Amino acid sequence: MSLYDDAVLVLKGYEGQNELRQAYLDHLAAHPDGMWKACHAGHVTASALVVDPEHGRVLLTLHKKLRMWLQMGGHCEPGDATLAAAALREATEESGIPGLTLLPGGPVRLDRHPIPAPCHWHFDVQYAALAPRGAAHAISDESLDLRWFDYDRVPEVADDSVVLLLEGTRARL
């Protein structure tokens, strides 16, 4: 099965955000290359919020280009077999934490947001990843900083998309 096929199956099985979910499916139907950064009409991305439920905190990255505190994530790559694998790869690369596991149940949320030209949209499929006990993080080249935030501090530092992702994640925990 291709990554494109996996994305379509994941989105068809995703419950909630029906209008947005349909926009993702319509985009992929209109753009067979919609999984890849080269699709300038927009492309699917995969992200994961790294959580440490034992200590009630999340790991956020200060994105180098956007200068915003965000969850880990980014573009799908040809070696990614599934959207979940892409999200887990991105979370592991950007956090430096080995042994992350995705929260069961598939994506937590969808978030479509505009991006600078030449592309127009990121169709982000958002997961949550559980940090192993005693996890030590390391800043990647894509980050200015990487920091743990208590759940209640997230609204002070991050935008609404991260806050909603955290709310959805906590509802599943």
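Please read all numbers here as calculations on a predicted model, not as lab measurements.

Engineer: Outline the pattern of salt bridges, supporting the account with residue identities and numerical values.
Structural biologist: Applying the stated criterion across every chain yields a total of eight salt bridges. Here E54 and R133 are joined by a salt bridge, their closest N and O atoms 2.9 Å apart. You can see E54 sitting in the loop between β1 (43–52) and β2 (57–63) and its partner R133 sitting in the loop between β7 (121–130) and β8 (143–150), a full 79 residues away along the chain. On the basis of relative accessibility, which here comes to 72%, the residue R133 falls in the exposed class. The salt bridge involving R89 is made with E90; its shortest N-O contact spans 3.1 Å.

Engineer: Tell me about the pairing of strand β6 (residues 109–114), and please be specific about residues and values.
Structural biologist: Relative to β7, β6 is paired through six bridges, and the arrangement is antiparallel. What sits directly across from R112, in β7, is F123. Hairpin connection of β6 to β7: six residues between the antiparallel strands.

Engineer: Explain the nonpolar core to me, and be specific about the residues and the numbers.
Structural biologist: Ranked by size, the top nonpolar core spans 33 residues in total, and within it M35, V50, L83 and V125 carry the most contacts. For this core, the secondary structure elements donating two or more residues are α1 (3–13), α2 (18–30), β1, α3 (83–95), β7 and β8. Among the elements that take part in this core, α1 stands out by supplying five residues, more than any other. Those residues in contact with M35, other than ones at most four positions away along the chain, are L3, Y4, A7, L28, H43, V44, C76 and L83.

Engineer: Which residues make up the layout of surface pockets, and what values do they have?
Structural biologist: The gaps left among the atoms become clear once a water-sized probe is rolled over them. What the largest pocket holds in volume is close to 900 Å³. Lining the largest pocket we find 30 residues, and of these H63, L66, H75, I115 and H122 sit closest to its centre. Of all the elements in the fold, those that place two or more residues in the lining of the largest pocket are β1, β4 (72–75), α3, β6 and β7. No other element matches the four residues that β4 contributes to the lining of the largest pocket. Partitioning the lining of the largest pocket into residue classes produces nine nonpolar, 12 polar and nine charged.

Engineer: Tell me about helix α5 (residues 160–172), residues and numbers included.
Structural biologist: Taking 1.5 Å as the rise per residue, α5 with 13 residues should run 18 Å; its terminal C-alpha atoms sit 18 Å apart, in good agreement. All buried positions along α5 are accounted for by S161, V162, V163, L165, L166 and T169. Against the buried residues of α5 lie β1, β2, β3 (69–70), β6, β7 and α4 (154–157).

Engineer: Before we move on, could you go through the environment of D145 and cite the residues and values that matter?
Structural biologist: Residue placement: D145 occurs in strand β8. Separated by 15 residues in the primary sequence, D145 and L130 have C-alpha atoms spaced 20 Å apart. Filtering out sequence-adjacent residues up to four positions away, D145 remains in contact with L60, T61, L62, W69 and I139. Within the structure, the side chain of D145 is placed 2.5 Å from the side chain of R147, a separation counted as a polar contact.

Engineer: How would you summarise unusual backbone geometry if you had to cite specific residues and measurements?
Structural biologist: In this structure, Q17 takes a positive phi of about 45 degrees despite not being glycine. The exposure class of Q17 is partly exposed, given its relative accessible area of 23%. One non-glycine residue with positive phi stands out, namely R67, at about 55 degrees. By the element assignment, R67 lies in the loop between β2 and β3.

Engineer: I'd like a description of the packing of aromatic side chains, backed by residues and values.
Structural biologist: Going through the model one piece at a time under the given rule, you end up with two aromatic pairs. Between Y24 and F123, the ring centres sit 5.1 Å apart and the planes meet at 90 degrees, which makes this aromatic pair edge-to-face. Placement of Y24 in helix α2 and of F123 in strand β7 is noted, with a sequence separation of 99 residues between them. The buried category is assigned to F123, whose relative accessible area is 5%. When the centroid spacing of 4.9 Å and the interplanar angle of 75 degrees are considered together, the rings of W69 and F149 count as edge-to-face. With a gap of 80 residues between them, W69 in strand β3 and F149 in strand β8 connect regions that are remote in the sequence. Here the two residues W69 and F149 agree in accessibility, since each one is buried. When the ring centre of W148 is taken as origin, the NZ or CZ atom of R57, which lies over that ring, is 4.1 Å away.

Reading guide: rules and limits
- Residues numbered from 1 in each chain as written.
- Predicted model: local features only at pLDDT ≥ 70, side-chain atom pairs only at ≥ 80, totals over all residues.
- Heavy atoms only, no water.
- Salt bridge = Lys/Arg side-chain N within 4 Å of Asp/Glu carboxyl O.
- Helix = DSSP H or I, 4+ residues; strand = E, 2+ residues; numbered from the N terminus.
- Buried < 20%, exposed > 50% of the residue type's maximum accessible area, 1.4 Å probe, protein only.
- Pairing = 2+ DSSP bridges.
- Core = buried A, V, L, I, M, F, W, Y, C linked by side-chain atoms within 4.5 Å.
- Contact = heavy atoms within 4.5 Å.
- 1 Å grid on protein atoms, 1.4 Å probe; cavity = no way out; pocket = protein on both sides within 12 Å on 5 of 7 lines; lining within 4 Å.
- Points joined across faces, edges and corners; volume = space filled by probe spheres on them.
- Nonpolar A, V, L, I, M, F, W, Y, C, P; charged D, E, K, R; others polar.
- Expected span 1.5 Å × (residues − 1).
- Polar contact = N/O pair within 3.5 Å; in protein donor to acceptor, adjacent residues only side chain to side chain.
- Phe/Tyr/Trp six-rings, centres within 6.5 Å; stacked < 30°, edge-to-face > 60°.
- Lys NZ or Arg CZ within 6 Å of the ring centre and 35° of its normal.

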